Amino acid sequence: MTTDRIIIAGGGIGGLALAVGLAQAGRRVLVLEKSAKLGEIGAGIQLGPNAFHAFDALGVGDAARAMAVYIDNLRLMDALSGDEITRIPLGEDFRKRMGNPYAVVHRGELHGVFLKACIASDLIELRTNAGVVGYDQDANSASALLEDGTHVTGSVVIGADGLWSKIRAQMLLDGPPRVSGHTTYRSVIPVDQMPEDLRWNAATLWAGPKCHIVHYPLSGWKLFNLVVTYHNDAPDPVAGKPVSRDEVRRGFEHVAPVARQVIDKGTDWKLWVLCDRDPVMTWTDGRVALLGDAAHPMLQYFAQGACMAMEDAVCLAAGFGAPDDDPVATLRAYQDQRRLRTARVQLQSREIGTHIYHPAGAHAALRDQVMRAKTPDDWCDELAWLYGK
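Cut-off values and rules
- Residues numbered from 1 in each chain as written.
- Predicted model: local features only at pLDDT ≥ 70, side-chain atom pairs only at ≥ 80, totals over all residues.
- Heavy atoms only, no water.
- Helix = DSSP H or I, 4+ residues; strand = E, 2+ residues; numbered from the N terminus.
- Expected span 1.5 Å × (residues − 1).
- Bend = angle between axes of the 7 residues up to and from the residue.
- Polar contact = N/O pair within 3.5 Å; in protein donor to acceptor, adjacent residues only side chain to side chain.
- Buried < 20%, exposed > 50% of the residue type's maximum accessible area, 1.4 Å probe, protein only.
- Axes fitted to C-alpha atoms, helices over the stretch in contact; angles between N-to-C directions.
- Parallel < 35°, antiparallel > 145°, perpendicular 65-115°, else oblique.
- Left-handed = near helix turned anticlockwise from the far one by under 90°.
- Contact = heavy atoms within 4.5 Å.
- Pairing = 2+ DSSP bridges.
- Salt bridge = Lys/Arg side-chain N within 4 Å of Asp/Glu carboxyl O.
- Core = buried A, V, L, I, M, F, W, Y, C linked by side-chain atoms within 4.5 Å.
- Patch = residues over 30% accessible without salt bridge, like charges linked within 9 Å, V, L, I, M, F, W, Y side chains within 5 Å.
- Areas by Shrake-Rupley, 256 points an atom, 1.4 Å probe, with all protein chains shown as cover.
- Lys, Arg positive; Asp, Glu negative; His and termini not counted.
- Charge placed at Lys NZ, Arg CZ, Asp CG, Glu CD.

Q: With reference to specific residues and values, describe helix H10 (residues 327-357).
A: Across its 31 residues, H10 extends 42 Å between first and last C-alpha, which sits within 8% of the 45 Å expected from 1.5 Å per residue. Arginine 339 marks the point of greatest bend in H10, at about 35 degrees. One side-chain oxygen of the residue at the start of H10 lies 3.1 Å from the amide nitrogen of valine 328, identifying that residue as aspartate 326.

Below, the structure is given as C-alpha cells:
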C-alpha cells in the first residue's frame, strides 16, 4: 500500500541521505524533487569527522572516503599582514581523538555518492519535476501536495526542501529566512591555475575586517575551491548569480596581495547572499517533519550545513528502524534529539563569523592572542562535542 512508504520532499544531500538510511531500515521511500534533474549546484564543502560518522551509519563510508581529499591542517591567516595566526593539525592524533578524519569534497561528488546508493536500492523511488508546495494529513497518512495539484500519499512526509522550504512555510508560518548581509562569491579553478605558493593541503582561511577568503583542494587535487565573502550589508537574498571579477574585487582592496591574488585567479564567479534562521523548538506537525536546512539553516562559518543534515538523516532513519513504530512519536523523538545540537551549531556559526572571520583592530588582536595560545590538544578538547563520536 502507498501509505506504507515515506515521502521525502527534496532530493538534495539531506533528502537522499535520509532515503538511503530509511531503505537500510527496510522502509519504502519516494523522493520528490522539483528540478528536472537530480544534482547539486555549488562547489566544495568541508566535512568534519562527524560527517564520516554519518557516512558509516548510512552504509556509504567506503564510497565517501574514496572521493574525499584529506587535508593536513585548518590554517587561519591574517588577510591584512599575510601572516599565519594559527593552525589546527588534522593528523593521526586528531583522527584518533575524533574517530574519523577531516576532509573536503566537491558538493556534486558527495551528492553523487547518495544518488548512486538510491538508484541501487529497490526500496527507493526518485521522481523529478515534482515540486512540493504543501502537505495535508489525517490520522493514518500524510500527503505531499505537488505544484500540479496532485497529492502523493505515504505514512509520513519529510520536508528536506531547503532554505525556502514550502513544508516549513505551511508548518511554522515564520516568513522568509533572515538575510545576513554577507555576500559570498565562489569559483573552482584547475590546480595549475592556483598560485603555486598557496597550493597548501589545508582548508585555509584568510580573515580580515568584514571580509575573508577561503581555499582548499578538491577532486583528487585536480581543482581548487575558492570562496571569498564580504560583509557588505546586502539586503536581499541572491543565489548563484554570475558576477564579474571586478565585482568580486570590491571590498578586498585592503587585503594583502598574497591573499588577494586568489581573487585574480578565479573565473566564472557566482554570488550568494547568505541567509539563516533563528533556532526553533518545533520541527514537526503530526506525521510531517523537517530535516536539514528546512529545519535549521545556518551560515557557512562552522562548515556544518551538510553534516547536520546527514546527522538528521541518521537519527530519523534509526527511529524508523523499529518494526512497530508510532510515526508521530518517532518524528517527535527525532525533533527532541536533534534540535538543541543544531541550535548550538546555528548560533555558533554566527558568532564564528563575527569573532573569527571578520573582526578588526583590538577585536582581531584579541582573537589572535586567544587562538595562538591553544595547543592541538586544546583544539581537540574544544571541538570534541561537535566532531567526536
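Q: Quick rundown of unusual backbone geometry? Include the residues and the values.
A: Positive phi outside glycine occurs at tryptophan 221, with the angle close to 65 degrees. Note on placement: tryptophan 221 falls in the loop between strand S15 (211-218) and strand S16 (223-231). Even without a glycine there, the phi angle at aspartate 268 is positive, about 50 degrees. As for its placement among the helices and strands, aspartate 268 is situated in the loop between helix H8 (257-265) and strand S18 (270-276).

Q: Requested: an account of helix H1 (residues 13-24), with residues and values cited.
A: The end-to-end C-alpha separation of H1 is 17 Å, in line with the 16 Å expected for twelve residues at 1.5 Å each. The element H1 is largely enclosed, with a buried count of eleven among its twelve residues. Those residues of H1 lying buried are Ile13, Gly14, Gly15, Leu16, Ala17, Leu18, Ala19, Val20, Gly21, Leu22 and Ala23. Two residues or fewer past H1, glycine 26 is found with a positive phi of approximately 90 degrees.

Q: Please set out the packing of helix H9 (residues 305-319) against H10 residue by residue, giving values where relevant.
A: A pair of packed helices can be characterised by two numbers: the angle between their axes and the separation between those axes. Orientation of H9 relative to H10, taken along the N-to-C sense of each, is 160 degrees, at an axis distance of 9 Å. Judged by the inter-axis angle, H9 sits roughly antiparallel to H10. Like other packed secondary-structure pairs, H9 and H10 cross with a definite hand, here right-handed. Taking contact as the criterion, the partners of Met308, Glu311, Asp312, Cys315, Leu316 and Gly319 in H9 are, on H10, Thr330, Leu331, Tyr334, Gln337, Arg338, Arg341, Thr342 and Val345.

Q: I'd love a proper account of the sheet that holds strand S2 (residues 29-32), names of residues and values included.
A: As summarised here, the arrangement of the six strands in space is S8-S2-S1-S12-S20-S19, forming an open sheet in which the pairing is mixed. Since the sheet does not close on itself, it has two edges, and those belong to strand S8 (124-127) and strand S19 (284-285), each with one partner. As defined by bridge partners, S2 adjoins S8 across four bridges and the pair is classed as parallel. Its bridge partner being in S8, valine 31 is matched across the sheet by leucine 126.

Q: I'd love a proper account of the pattern of salt bridges, names of residues and values included.
A: Per the stated rule, a full pass over the model turns up 19 salt bridges. Residues arginine 127 and glutamate 125 are paired through a salt bridge, measuring 3.4 Å at the closest nitrogen-oxygen approach. The exposure class assigned to glutamate 125 is partly exposed, which follows from its relative accessible area of 36%. Salt bridges sharing partners connect three or more residues here, namely Arg178, Asp276, Asp278 and Arg350.

Q: Describe the nonpolar core, naming the residues involved and giving the relevant values.
A: One finds Ile8, Leu47, Phe55, Phe114 and Ile158 to be the most contacted residues of the largest nonpolar core, which totals 66 residues. Considering each element in turn, this core owes the most residues, eight residues, to H1. Here phenylalanine 114 is in contact with Ile13, Leu16, Ala17, Val20, Phe55, Leu58, Val60 and Met310, once residues within four sequence places are set aside.

Q: Summarise a negative patch on the surface; cite the residues concerned and give the values.
A: Together, Glu92, Asp93, Asp377 and Asp378 make up a negatively charged patch on the protein surface. Contributions of two or more residues to the negative patch are made by helix H4 (92-98) and helix H12 (376-387). With respect to the helices and strands, aspartate 378 occurs in helix H12. Owing to a relative accessible area of 32%, aspartate 378 belongs among the partly exposed residues under this scheme.

Q: Run through the environment of glycine 208, naming residues and quoting values.
A: By secondary structure assignment, the location of glycine 208 is in strand S14 (residues 202-208). For glycine 208, a relative accessible area of 2% corresponds to the buried category. Taking the C-alpha atoms as reference points, glycine 208 and valine 255, 47 residues apart in sequence, are found 7.3 Å from one another. Apart from the residues lying within four places of it in its own chain, the contact partners of glycine 208 are Ala79, Tyr357, His358 and Pro359.

Q: Before we move on, could you go through the sheet that holds strand S7 (residues 103-106) and cite the residues and values that matter?
A: Spatially, S3-S7-S4 is the arrangement adopted by the three strands of the open sheet, whose pairing is antiparallel. Each edge of the sheet is formed by a strand with only one pairing partner; in this case those strands are strand S3 (44-47) and strand S4 (69-70). Pairing of S4 with S7 involves two bridges; the strand directions are antiparallel. Note that in S7 the partner of valine 69 across the bridge is valine 104.

Any functional reading would require information beyond the geometric quantities listed.
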